[in-house]
Amino acid sequence: MSTSALTQDASESSYELSIGGMTCSSCAMRIEKKLNKLDGVVATVNYATEKAKVVAPATFDPQLLIAEVEKTGYSAELPKPKVAAADRQDDGEPVDHELVALRQRLIGSIVLSVPVILMAMIPALQFTYWQWASLALASPVIVWGAWPFHRAAWMNLRHGAATMDTLVSLGTTAAFIWSLFALFFGTAGVPGMTHPFELSIAPTDGAANIYLEVAAGVTMFILAGRYFEKRSKRQAGAALRTLLELGAKDVAVLRDGAEVRIPIEDLSVGDEFIVRPGEKIATDGVIVSGVSAIDASMLTGESVPVEAGPGDAVTGATVNASGRLVIRATRVGSDTQLAQMAKLVEDAQSGKAEVQRLADRVSGIFVPIAIAIAIGSLGAWLGAGFPAASAFTAAVAVLIIACPCALGLATPTALLVGTGRGAQLGILIKGPEILESTRRVNTIVLDKTGTVTSGRMTLVDVVTTPSTDRRDLLRLAGAVEDASEHPIAQAIAKGASEELEEMLPEVEGFQNFAGSGISGVVDGRAVLVGRQALLDDWAIAPDAELQRRKEAAEQEGKTSVLVAWDGEIRGLLVVADTVKPTSAEAIAQFRELGLTPILLTGDNHTVASRIAAEVGITEVFAEVLPADKADVITRLQSEGKVVAMVGDGVNDAAALAQADLGLAMGTGTDAAIEASDITLVRGDLRSAADAIRLSRRTLGTIKGNLFWAFAYNVLAIPLAALGLLNPMLAGAAMAFSSVFVVGNSLRLRSFKSRAGASTPTPAPTATPAPVFTP
């Protein structure tokens, strides 16, 4: 199982910084490099989320981190706990001041640049002094509109670095200075001067050519690309913001017997609060009084409300569908399940997959190479005897087209959308490196209890003698079992009550016989319920047919108990851990994904074979001790298999950690969830298939983005160097490439769960599943 690059022990503290002023992945890489030079600091900076995740010694002053970022030329701040109402938009979203400033620059640049571009492209619009009008309109765009690029380039130069902003600033500044030269010292300022718009470079002496439309147009296009890129990144993170805002905003707390409504932030562990029908449950807790159906669909995706009563645990952000509840808070703030889910998603979005680290390294060396190619192009054109204008235009086009913004966005935007969509479906991916594992997995090991099966004993069969009424058997046996706390007894009592649809009668003289059964008096009848040994003590034996049905049930690994009254055995009750209704469908989906399913259980061979045959698994490891589950995973890995493991219990934690990919059912224990790579909020095994499909699709989107980003630069730079690409079109193409990558990533928002989409494929009945014992 992969582990995060940022590990933390008790002597360390973790910080999250919001970074401002980044314009490309090279900026993020430079900040990350600077922070990692501090003693004891391990940092990762994500351009897409605009955040830095830092692990530092516990005594480290976080203000030193902020100071280091600011020395690098960017802004940084620790996250604020609340956003003031004044800093929220009409729709409730926090105001993004960088986005607002970027929009203002873009609008101003569009208004001023469009006339300049039109005049340069359409000779009919070139009136007598059009070139001087172009200068008046283009100058604010090149100076004010492009100021973020110039500022970033200057800051980079001071630190001996070059980023994508360096390319943009160099290109637009060079075009502007050349235009000034041509206007004031050449022939371009002569009244009535005209020149046509061309897609390729035409040899000239350069004195009559101005490139104001190039400088203004490139600035406008790149600002547009940055604006839509930033907006798209906000949309990509919308799932996380939605998740964070699912919770209630205030709560009615009981104080001295009276209701007091307080902000959710003021709620403490141990407080008792009231939830009325239709209200959200404010935080995780235990029901003190009241019975209701809890709608957890917004959190888990499960559409059917779950009945809950006193003593049942409830989760914050779920909805009380019916009755009035009094709940005692057990977890508040960052300790709640909702907050932990959100943190898992955010951590995953903030990390970097191995493929992203490669992209970061490439973009770090790409900018100096691009500048070198531009200088080389300039020298080659001049050396070949072409006019300076042609050489200059080719060099500017190289500088502009080389901006690898798309390269920096390829991974983080896909990761943002993919993990956000997973959170909406109840699939929590802990880190981006997990995506690499899902691609290689070819074997999936499934724990039986609580994963493939419900994990609870259920009444599955009722057998009566010819002289006994079924309702009488259920009524009397259910009443006696209801007085016992044993899981088998509770399963029988629940099954009897549900079938009869009535309250079970009271029991008198209840008696428990350890290990063999129970007895009691119901409606004046002395009832015995238990094993054969208990009835042998009373010299009561079942008839041949009942004995045959009992043995058949036990051969299938089920538990059977006999029921007797009035000195005669009246029937047989069979209980078993039942398979979840969706497990067979999930197994069929695993096979479609190219995975070989294997059942892993501590139960005996008989039970394991029955469950495997029911869901369509043909390979089983049975009678495996909890401590040996990880050894089974290791054994499979030694055979060359890449193993995913799905489990839910404490005894699965080691196996989940050992597996190449660990998936924990969110209905399971904290230990299993902590040890896993992916948490499935719903207890539905089909979510595991969805998780693997989503992870693979996200990884595929990342690779597709990287391919197009690399291919774009590889193909476009030679065209620009050869003079076959107008600088303004180069700027438009560069901006479009970033928007294309973000748009491609946003397609992941359409990913849909396939729950219920496939038909279960049962295992062949002619050949029983082989069962292995370690």
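Residues numbered from 1 in each chain as written. Predicted model: local features only at pLDDT ≥ 70, side-chain atom pairs only at ≥ 80, totals over all residues. Heavy atoms only, no water.

This next bit is on the overall build of the protein chain. Within the protein chain, the regular secondary structure consists of 26 helices and 27 strands. Burial statistics for the protein chain: of 774 residues in total, 54% are counted as buried. Of the contacts formed within the protein chain by residues at least 6 apart in sequence, a portion of 71% connects residues at least 24 apart. Surface accessibility of the protein chain: about 32,800 Å² in total, with carbon and sulfur atoms responsible for 58%. (Helix = DSSP H or I, 4+ residues; strand = E, 2+ residues; numbered from the N terminus. Buried < 20%, exposed > 50% of the residue type's maximum accessible area, 1.4 Å probe, protein only. Contact = heavy atoms within 4.5 Å. Areas by Shrake-Rupley, 256 points an atom, 1.4 Å probe, with all protein chains shown as cover.)

This part takes up the side chain of Lys53. Here Lys53 shows up in strand E3 (residues 51–57). Among the residues examined, Lys53 registers a relative accessible area of 15% and is labelled buried.

All right, on to the sheet that holds E3 then. If you walk across this open sheet you meet the 4 strands as E2-E3-E1-E4, and the pairing is antiparallel. Either end of the sheet is taken by a strand with one partner, and the two such strands are strand E2 (42–46) and strand E4 (75–77). Going across the sheet, the axis of each strand differs from the next one's by a mean of 25 degrees, ignoring polarity. As defined by bridge partners, strand E1 (residues 12–20) adjoins E4 across 3 bridges and the pair is classed as antiparallel. Looking across to E4, one finds that Gly20 is bridged to Ser75. (Pairing = 2+ DSSP bridges. Axes fitted to C-alpha atoms, helices over the stretch in contact; angles between N-to-C directions.)

Right, let's get into helix H21 (residues 605–615). Among the residues making up H21, those that are buried are Val607, Ala608, Arg610, Ile611, Ala612 and Val615. Directly beyond the C-terminal end of H21, a positive phi value near 100 degrees is found at Gly616.

A few words on the packing of aromatic side chains. In this structure the tally under the stated criterion is 4 aromatic pairs. Seen in terms of ring centroids, Trp132 and Phe184 are 5.4 Å apart; in terms of plane orientation they differ by 75 degrees. Their pairing is edge-to-face. Of the two residues, Trp132 is situated in helix H4 (residues 130–145) and Phe184 in helix H6 (residues 164–185); the sequence distance between them amounts to 52 residues. Taking relative accessible area as the criterion, Trp132 reaches 28% and is therefore assigned partly exposed. Ring geometry for Trp708 versus Phe740: centroids 6.2 Å apart, planes at 80 degrees, classification edge-to-face. Remark: Phe740 occurs in helix H26 (residues 727–746) and Trp708 occurs in helix H25 (residues 686–721); sequence separation between them is 32 residues. The class for Trp708 is partly exposed, based on a relative accessible area of 49%. Each member of the aromatic cluster is reached from another via a ring pair, and the members are Phe707, Trp708 and Phe740. (Phe/Tyr/Trp six-rings, centres within 6.5 Å; stacked < 30°, edge-to-face > 60°.)

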